[in-house]
Amino acid sequence: MKMNLEMNKKMLIAIASLAVVMISLAWASTQSTTMYIPGMSCGACPTTVRTALKRVPGVEKVAVDPAKKSVTVTYDDQKTNVDGLKRAAKNAGYPAADTEKK
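Residues numbered from 1 in each chain as written. Predicted model: local features only at pLDDT ≥ 70, side-chain atom pairs only at ≥ 80, totals over all residues. Heavy atoms only, no water.

### Digging into the overall build of the protein chain
Point 1. Looking only at helices and strands, the protein chain features three helices and four strands.
Point 2. The linear arrangement of helices and strands in the protein chain, starting from the amino end, is α-β-α-β-β-α-β.
Point 3. Burial analysis of the protein chain (102 residues in total) assigns 30% to the buried set.
Point 4. In the protein chain, of all internal contacts separated by at least 6 residues, the share reaching a separation of at least 24 is 66%.
Point 5. Entry remark: accessible area of the protein chain is about 7000 Å², with carbon and sulfur atoms responsible for 59%. (Helix = DSSP H or I, 4+ residues; strand = E, 2+ residues; numbered from the N terminus. Buried < 20%, exposed > 50% of the residue type's maximum accessible area, 1.4 Å probe, protein only. Contact = heavy atoms within 4.5 Å. Areas by Shrake-Rupley, 256 points an atom, 1.4 Å probe, with all protein chains shown as cover.)

Listed below in structure tokens is the structure:
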């Protein structure tokens, strides 16, 4: 009887742990932000910015608009955030002037 209770207890803990993981995955959502990058002034700049942002864990899509000097990034908000994206752009030599979360 005691062994059966211990097994039930372990099973309940395992189920609860799995439920927590599943719930946290459900809370993850895809976000999008547009950042103005005033330093993008040459033909190679968009490639450098795109490459830097794609290396950030959680980034799903990067769309650069050189004419507007902006970049729109789609990302998993459980893996990164706007500050992380801005830091990556700045580390690549292209600080973001402002952002617009969508």
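After that view, the rundown keeps rolling.
### Some remarks on the environment of V49
Point 1. Tracing the backbone shows V49 in helix α2 (residues 45-54).
Point 2. Dropping the residues within four chain positions of it, V49 is found in contact with M40, V71 and Y94.

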